[in-house]
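Secondary and tertiary structure notes
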Amino acid sequence: MTAVLRILLIMGMACGVFTPTGGAVAADARRLNIVFVNPGKTGEVYWDMVAQTMQAAGRKLDAHVEVLTSERNYRTMQELGLGVVARADKPDFLILSNEESAAVPVLEAAEAAGVKTLLLSNTLIGADAARLGPPRRTLKTWLGDITTDLQTAGARMADALIRAARAEKWQSPDGKIHILGIGGDEVTPSSIARNAGLQLAVGAASDVVVDRMLFANWTQSEAEQVTTNYLSWASRKGIRPAGIWAGNDPMALGAIKAISAAGLVPGQDIQVVGLNWSEDALRAIRAGRLLLTDGGHFLLGGWSVVLLRDYADGCDFAARSPRVEVKTSAITRANLSSIGDLIRTRAFDRIDFARFRAKTGRCGQYDFSIDALISSLAPLEGAAD
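Time to look at the overall build of the chain. The helix and strand tally for the chain stands at 13 helices and 12 strands. Relative to the compact-globule value of 21 Å for 385 residues, the chain shows a C-alpha radius of gyration of 23 Å, a close match. Taking the principal axes of its C-alpha atoms as reference, the chain extends roughly 85 × 50 × 35 Å. Here the chain, with 385 residues, has 51% of them falling under the buried criterion. When contacts within the chain are restricted to residue pairs at least 6 apart in sequence, those whose partners lie at least 24 apart make up 75%. If the 41 positive side-chain charges of the chain are averaged to one point and the 41 negative ones to another, these points end up 3 Å apart.

The contact between helix α2 (residues 45-60) and helix α11 (residues 300-312) brings their axes to 6 Å, and the two run at 35°. As α2 packs across α11, the resulting crossing turns out to be right-handed. Contact residues: α2 offers V50, T53, M54, A57 and G58, while α11 offers G301, G302, S304 and V305. Here the contact of α2 with α11 is built from residues that sort into four nonpolar, five polar and no charged.

Let us now look at the state of the cysteines. For the structure shown, the criterion picks out one disulfide. Disulfide pairing places C315 opposite C363 at an S-S distance of 2.0 Å. In this structure, the disulfide formed by C315 and C363 twists by about -125° around the S-S bond and is classed as left-handed. Of this pair, C315 sits in the loop between α11 and β11 (323-326) while C363 sits in the loop between α12 (336-345) and α13 (370-376), and the two are 48 residues apart along the sequence. Residue class for C363 comes out partly exposed when judged on its relative accessible area of 23%.

Right, let's talk about the packing of aromatic side chains for a bit. According to the stated counting rule, one finds 12 aromatic pairs in the structure shown. Here F93 and Y311 contribute two aromatic rings whose centre-to-centre distance is 5.9 Å and whose plane-to-plane angle is 80°, an arrangement assigned as edge-to-face. Placement of the pair is F93 in strand β3 (residues 93-96) and Y311 in helix α11, with a sequence separation of 218 residues. The exposure class assigned to F93 is buried, which follows from its relative accessible area of 4%. Owing to a relative accessible area of 21%, Y311 belongs among the partly exposed residues under this scheme. Taken together, W303, F353, F356, Y366 and F368 form an aromatic cluster joined through their ring pairs. The positively charged end of R136 is found above the aromatic ring belonging to F317, 5.4 Å away from the centroid. Here the basic side chain of R212 rests over the ring of W233, its NZ or CZ set 4.1 Å away from the ring centre.

Attention now moves to the pattern of salt bridges. Using the criterion set out here, one finds 18 salt bridges in the structure. Notably, a salt bridge pairs E66 with R87, separated by 3.0 Å at the nearest N-O pair. With E66 in strand β2 (residues 63-69) and R87 in the loop between α3 (74-85) and β3, the pair connects residues that are 21 residues apart, well separated along the chain. One salt bridge in this structure joins D280 and R283, with 2.1 Å as the shortest N-O distance. Note that D280 and R283 are positioned in helix α10 (residues 279-286) at a spacing of three residues, about one turn of the helix. Using a relative accessible area of 38% as the deciding quantity, one classes D280 as partly exposed. Through salt bridges with shared partners, one network takes in R309, D310, D313 and R357.

On to α10. Of the positions making up α10, those classed as buried are A281, L282, A284 and I285. Buried positions in α10, seen along its axis, are confined to an arc of 160° and lie on one side of it. Looking at the buried positions of α10, the neighbouring elements they touch are α9 (249-261), β10 (292-295), β12 (329-331) and α12. Positive phi appears at G288, one or two residues downstream of α10, with a value of about 85°.

Thresholds applied
Residues numbered from 1 in each chain as written. Predicted model: local features only at pLDDT ≥ 70, side-chain atom pairs only at ≥ 80, totals over all residues. Heavy atoms only, no water. Helix = DSSP H or I, 4+ residues; strand = E, 2+ residues; numbered from the N terminus. Rg over C-alpha atoms; globule rule 2.2 N^0.38 Å. Buried < 20%, exposed > 50% of the residue type's maximum accessible area, 1.4 Å probe, protein only. Contact = heavy atoms within 4.5 Å. Lys, Arg positive; Asp, Glu negative; His and termini not counted. Charge placed at Lys NZ, Arg CZ, Asp CG, Glu CD. Axes fitted to C-alpha atoms, helices over the stretch in contact; angles between N-to-C directions. Left-handed = near helix turned anticlockwise from the far one by under 90°. Nonpolar A, V, L, I, M, F, W, Y, C, P; charged D, E, K, R; others polar. Disulfide = S-S within 2.5 Å. Phe/Tyr/Trp six-rings, centres within 6.5 Å; stacked < 30°, edge-to-face > 60°. Lys NZ or Arg CZ within 6 Å of the ring centre and 35° of its normal. Salt bridge = Lys/Arg side-chain N within 4 Å of Asp/Glu carboxyl O. Arc of directions from axis to C-beta.

Structure below.
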């Protein structure tokens, strides 16, 4: 080895060029095979975007991501997961979501088969959490979970409704601000957290009342129907509805449709908030029909691949905690332009996922903020300089 080559090697090692963490995948890193059992339906915007960010991250981080879709059927989700665990050629990692609290049989089968798992979006709750404890205790191959702080998101959404109603003086004759809550379901952890955020915000506001907390199975059509029924009831009771809190964007859009059908103007007579950062919601914000959409949690798909790439390369995210919680953010008319194009085009390959890997010596420390996301984006192809 020449003196020059030795110097270059030393410099490279000092700068972290040859370490597997803190940037691009090391040249000798093994290609990963990851399977994601998608709990959503084909064409369901949120879960499609989770899978798309996961696959985009895989392209950046040398991981093949196979997506199996359960079509919102928890039995199918379990069958798909058990099928993966039973394969002769097992993947390096299996990513699951504890939708409808249905992931435990797959986690237990994965433990028996030695398949490493990661829970995304929904972790264990209730009796399951009490029996199995945290990741890596009873189930050693359950590496951890990556979730979002959806209780804070739910509270932020409610606070925005309350501020808008107070500013417009939309109190009913009883002096109260009246809100309709539309949740996705009563059993999914992420739904429970969002709904708890709504109740937390309302509990801190003595001038606000939630007239009804109804559930619409995450769908636009059911939300439209429950909103229609609520508006009719409110009219009969002499109540002035001030806002509708919806646990996801499709339900918010269903509420908007019902409001318009009732002869009211969404955004002028009543405010609506949603969650998901969906393209349809961004259009509604731009048009003034939707106050905000909270979210960014579809990026959990991409962030999960970052965690698993680091883990495979010897930088275990559990060095800090096996439970990684990502903060969401609200998109309003004020910040719509900064992130809207990414969502509209779904050009998730613009995200430099390698930049989000933990730095050497800082395993488990991640910055998945909206500011970090925006700064990581490559320009849109064809965009003017």
